[in-house]
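Observations on the model geometry
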Amino acid sequence: MVIGSSTTYLGNEIPGLKGQQVRIFAVLRGGLRPDANPDADDYYVNDNETLARLGGVTAEDCIDAAPIRPDGTTSFVHVDPRAVDLECFAHLQKPSAQ
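These remarks concern the structure in this document. (Residues numbered from 1 in each chain as written. Predicted model: local features only at pLDDT ≥ 70, side-chain atom pairs only at ≥ 80, totals over all residues. Heavy atoms only, no water.)

This part is about the pairing of strand E2 (residues 21-28). In summary, the side chains of a regular strand alternate between the two faces of the sheet. Across three bridges, the pairing between strand E1 (residues 6-8) and E2 is antiparallel. The residue bridging threonine 8 from the neighbouring strand is glutamine 21, located in E2. Where E2 and strand E3 (residues 44-45) come together, two bridges link them in antiparallel fashion. When the bridges of E3 are listed, valine 27 appears paired with valine 45. (Pairing = 2+ DSSP bridges. Helix = DSSP H or I, 4+ residues; strand = E, 2+ residues; numbered from the N terminus.)

Printed below as a string of structure tokens:
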């Protein structure tokens, strides 16, 4: 289960969010691709069954997420980090050349 799960933001692109818990609301499929089409039927996927049918989360996806407050509720402000910047998808990141 991806949609509705919680994870930690590990990236640096969203100031003040690093190390914070976020809840996943949807996957923006191909959101990092230059030809991403936000109007496509399969762009904003907010249910796990559809996400699984489409092949799951990839390194080219962004995630619709919201920070989790100390009381367990989520903020009304949503962010769209790269999937690889979330702890649960960090394994999708390509290893850096050394």
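As a further point, take the nonpolar core. Within the largest apolar cluster, 16 residues are counted, with the highest numbers of intra-cluster contacts made by Val2, Ile24, Val27, Val57, Ile63, Leu86 and Phe89. Elements represented by at least two residues in this core include exactly E2 and strand E4 (62-67). What phenylalanine 89 contacts, discounting residues up to four positions off in sequence, is Val2, Ile24, Val57, Ile63, Ala83 and Val84. (Core = buried A, V, L, I, M, F, W, Y, C linked by side-chain atoms within 4.5 Å. Buried < 20%, exposed > 50% of the residue type's maximum accessible area, 1.4 Å probe, protein only. Contact = heavy atoms within 4.5 Å.)

The next subject is the side chain of aspartate 64. For aspartate 64, the position within the fold is in strand E4. Here aspartate 64 is buried and forms no salt bridge, its nearest opposite-charge partner arginine 23 lying at an N-O distance of 12 Å. Engagement of the side chain of aspartate 64 in a polar contact is seen with the side chain of tyrosine 44, the distance being 2.6 Å. Among the polar contacts made by the side chain of aspartate 64, one reaches the side chain of histidine 78 at a distance of 2.8 Å. (Lys, Arg positive; Asp, Glu negative; His and termini not counted. Salt bridge = Lys/Arg side-chain N within 4 Å of Asp/Glu carboxyl O. Polar contact = N/O pair within 3.5 Å; in protein donor to acceptor, adjacent residues only side chain to side chain.)

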